[in-house]
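Examination of the molecular architecture
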Amino acid sequence: MRNGFASAMRKVKRGDLPLSGLVSEQSVQQACSEVGYRSQASLYTPITTVLTFLAQLLNADGSCQQAVDGLIAERVAGGKRRCSADTSSYCKARSRLSEEVFWQLARQSGQQIEQDAEDGWLWLGHRVRVADGSTLQIADTPKNRKEYPLQKNLKPGLHYPVVRVLVVFSLAVGTVLEAAIRPYQGKGTGETAMLREMADLFQPGDVLLADRYFSGYWDVAFWIARGVHVVVRNSASRKSDFRRGQRLGKDDHLIRWKKTVLPDWMDKQAAKEIPSTLEIREIRVVVRVPGFRTRHVIVVTTLKDAKAYPKAEFAKLYRRRWQAELQLRSLKTHMGMEKLRCKSPEMVRKEFASYLLAYNCIRRVGAEAARKQGLDPHEISFKNTKQAITEFFPRFHQSNLAAWIEGLLQTVASIIVANRPDRIEPYTCKTRPKNFKPPKDTRANYKSRKRKRS
């Protein structure tokens, strides 16, 4: 980031697609080279295909036709020859482009922004990675149902398949560092299993911040063996007694966890190297919200030095775990990722990775605005950043680059979100859904019966 934002914008020309510059041709070529993908296309080159796909996802309509129409408009505005409005060439180019290219771009974009983060954005000098999971709907097609089966008792054609996703965010800058998409049910589809597959993302000294689902004995031992620190909420089934263990302060002590039953995913040989007990620090965090009953949250961590890591810092850190919920909301609601529209499993994964890439591009602009204004990235409104990009990029002028960048970053930094670490309101919906009856048969069968009657 630093000075990279201005240099990236200098490469953009009038008539380029939205997010041009934030996704460079060099990065796309490098990703293609790493996976061995080559293209001889003259119009839908890899960079044009990626940028058109991103523009499609950012658009409220989200159709292939509007994406192609947007490409035509940008080419005409840039003085280039008008291309065909037929969507088949674009769809074929999108299908040909290797799935791993999209994943590489999504990962590299998020990790690069974190590497360029200001030192003051880190937590006590540590990189903190927040893991959180959710579910998404995908298009109801035979191909999708084969790889991502419907849940039990649901009929094809009447319901949408559901996939489970796990996303690892950078706490410092809010970008997606890694993600996984799996069937909703089955072996290896749990959030802890998906996170273990991402172990290479974590370096010794990093901090994993997660909810109580990741607080099992073997999960914590897995990360300790890799030199990764853990900060999680204590399991509801594990009782806390601050009268026991080594006292470090009020509601702060060291205790011993005993080894539990060996899980199926743990290799028996590797399990022998895991100690029979783990020394864990346990902290009671008090959450006081005016007008509401005081809540007590038990946080457990492998960071045991009370002087280097005061209890108050853990209270602030764990309360910031709510940022992961807000970032998932930004992805699903503000980006429109609640339902993936592609009709084959490979394209579903490409669409998911492309959403992550577009999200990271928006976060990059937000991080640059925060750096210029002396703010933390989480203080910048994601929705306002997306809105500003949508309005500013079509009006890009190379001749007045400095003023354009200054106006964009000032607009992004003008909306500061409130500090909201503790959720007190329930999940509710003010707008009721329309009272349509649920389908009892597929649309094709319904039409067939109507034709026979007529």
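Read on for an overview of the structure. In this convention, every chain numbers its residues from 1, walking through the sequence in written order. Where totals are concerned, whole chains, interfaces and linings use all residues; where local detail is concerned, this predicted model gives features only for residues with pLDDT of at least 70, and gives and counts side-chain atom pairs only at 80 or more. In computing side-chain values, all of the structure's heavy atoms are included and hydrogens and water are not.

**A word on the pairing of strand β9 (residues 295–301)**
Note on strand geometry: in a regular strand, side chains alternate between the two faces of the sheet. Burial here depends on accessible area, computed with a 1.4 Å probe over protein chains only, as a share of the maximum for the residue type. Under 20% is buried, over 50% is exposed, and the range in between is partly exposed. Only DSSP runs of H or I with at least four residues qualify as helices, and only runs of E with at least two residues qualify as strands; both kinds are numbered from the N terminus onward. Counting buried residues in β9 gives 5 out of 7 residues, a clear majority hidden from the surface. Direction of pairing for strand β5 (residues 229–233) relative to β9: antiparallel, over a ladder of 3 bridges. Bridge assignment links V231 to a residue of β9, and that residue is T301. Pairing between strands requires that DSSP locate at least two bridges from one strand to the other. Inspection of the sheet shows strand β8 (residues 277–287) paired to β9 by 7 bridges, in the antiparallel sense. Within β9, the residue paired with R281 across the bridge is T301.

**Regarding the environment of Q387**
The residue Q387 is located in helix α14 (residues 382–392) in this model. Residue classification places Q387 among the partly exposed residues on the basis of a relative accessible area of 41%. Taking C-alpha positions, Q387 is 9.8 Å from T411, a pair spaced 24 residues apart along the chain.

**Looking at the nonpolar core**
Grouped together as the largest cluster of nonpolar side chains are 103 residues, with contacts concentrated most on M9, V23, V50, I181, L340 and F352. Sorting elements by how many residues they give to this core places helix α13 (residues 345–373) first, with 15 residues. Residues are treated as being in contact if the distance between any of their heavy atoms lies within 4.5 Å. Excluding its chain neighbours within four sequence positions, the residues that come into contact with F352 are W103, L136, V165, A179, A180, I181, M337 and L340. Only buried residues count toward a nonpolar core, which is a set of Ala, Val, Leu, Ile, Met, Phe, Trp, Tyr and Cys residues joined through side-chain atoms within 4.5 Å. Ranked by size, the runner-up nonpolar core spans 31 residues in total, among them A180, A210, F214 and M266.

**Focus on helix α6 (residues 99–115)**
Over its 17 residues, α6 runs 25 Å from end to end, which matches the ideal 24 Å to within 8%, given 1.5 Å per residue. Where α6 is concerned, the buried positions are E99, V101, F102, W103, Q104, L105, A106, S109, G110, I113 and E114. Packed against the buried residues of α6 are α2 (25–35), α3 (46–58), β1 (128–138), β2 (162–170), β3 (176–183) and α13. Given the number of residues in a helix, its expected span is that number minus one, multiplied by 1.5 Å.

**Considering the packing of aromatic side chains**
Whether two aromatic rings pair depends on their centres lying within 6.5 Å, for rings of Phe, Tyr and Trp, where Trp uses its six-membered ring; planes under 30 degrees apart make the pair stacked, over 60 edge-to-face, and the rest tilted. A complete count under the given rule lists 14 aromatic pairs for this structure. Ring plane angle 40° and centroid distance 5.9 Å describe the contact between Y44 and Y90, whose orientation is recorded as tilted. Of this pair, Y44 sits in the loop between α2 and α3 while Y90 sits in helix α5 (residues 88–96), and the two are 46 residues apart along the sequence. Residues F392 and W404 carry aromatic rings whose centres are separated by 6.3 Å and whose planes lie at 70° to one another, so their mutual orientation is edge-to-face. Of this pair, F392 sits in helix α14 while W404 sits in helix α15 (residues 401–413), and the two are 12 residues apart along the sequence. When its relative accessible area of 8% is taken as the criterion, W404 is described as buried. One aromatic cluster is present, formed by F202, F222, W223 and W265 through successive ring pairs. Here R196 stacks its cationic end above the ring of W265, 3.6 Å away from the centre of that ring. Charge-over-ring placement is defined geometrically: NZ (Lys) or CZ (Arg) within 6 Å of the ring centre, and within 35 degrees of the ring normal. The ring of F222 has R226 sitting right over it, with the charged end atom 3.6 Å from the ring centre.

**Concerning the pattern of salt bridges**
Within this document, salt bridges are pairs made up of a side-chain nitrogen of Lys or Arg and a carboxyl oxygen of Asp or Glu, the two lying within 4 Å of each other. A complete count under the given rule lists 19 salt bridges for this structure. Here R321 makes a salt bridge to D132, at a shortest N to O gap of 4.0 Å. Highlighted residues: R321 in the loop between α11 (311–319) and α12 (322–334) and D132 in strand β1, separated in sequence by 189 residues. Taken individually, R321 and D132 each receive the classification buried, so the pair is uniform in this respect. E346 is the partner of K350 in a salt bridge, and the nearest nitrogen-oxygen pair spans 3.8 Å.

**Let's talk about the pairing of strand β7 (residues 252–258)**
The buried count for β7 comes to 5 of 7 residues, which makes it a mostly enclosed element. Bridge count for strand β6 (residues 246–249) against β7 is 3 bridges, and the pairing is antiparallel. Opposite Q246, over in β7, you have L254 as the bridge partner. What sits between β6 and β7 in their antiparallel hairpin is a turn of 2 residues, with D251 showing a positive phi close to 55°.

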